Amino acid sequence: MKAVFNDVVIAESDETILLEGNHYFPPKSLKKNIS
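A quick note: this is a predicted structure, and the numbers were derived from the prediction, not measured. The written sequence of each chain sets the order in which its residues are numbered from 1. Totals for whole chains, interfaces and linings use every residue, but because this is a predicted model, local features are given only for residues with pLDDT of at least 70 and side-chain atom pairs only at 80 or more, for both listing and counting. Side-chain metrics rest on all non-hydrogen atoms present in the structure, leaving aside hydrogens and water.

Caption draft 1: Seen up close, the overall build of the chain. Every helix listed is a DSSP run of H or I at least four residues long, and every strand listed is a run of E at least two residues long, numbered separately from the N terminus. The secondary structure content of the chain amounts to zero helices and four strands. Element order for the chain, N to C, with α for helix and β for strand: β-β-β-β. C-alpha atoms of the chain, sized along the principal axes, occupy 30 × 20 × 10 Å. Using a 1.4 Å probe on the protein chains alone, a residue whose accessible area is under 20% of its type maximum counts as buried, one over 50% counts as exposed, and one in between counts as partly exposed. Within the chain, the proportion of its 35 residues that are buried is 14%. Considering only residue pairs separated by 6 or more positions, the chain has 10% of its internal contacts joining residues 24 or more positions apart. Using a 1.4 Å probe, accessible areas were evaluated by the Shrake-Rupley method; residue-level cover was limited to the displayed protein chains. Surface accessibility of the chain: about 3200 Å² in total, with carbon and sulfur atoms responsible for 52%. When checking whether two residues touch, look at their non-hydrogen atoms; a contact exists if any pair is within 4.5 Å.

Caption draft 2: A look at the pattern of salt bridges. Any carboxyl oxygen of Asp or Glu that lies within 4 Å of a side-chain nitrogen of Lys or Arg is treated as forming a salt bridge with it. All chains considered together, the criterion is met by one salt bridge. Of the charged contacts, one joins K28 and E15 as a salt bridge, the two residues approaching to 4.0 Å between their closest N and O atoms. In this pair, K28 is assigned in the segment after β4 (22-24) and E15 in the loop between β2 (8-12) and β3 (17-19), connecting sequence segments 13 residues apart. Given a relative accessible area of 70%, K28 falls into the exposed group.

Set out below in structure tokens:
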């Protein structure tokens, strides 16, 4: 699963949690140095 905002990947993981139709990313999957 990949989260993209303004054509920039902000999170990516194979281990998301599906809850009520929404995918939640583990904190370690968040990209912290986005420019």
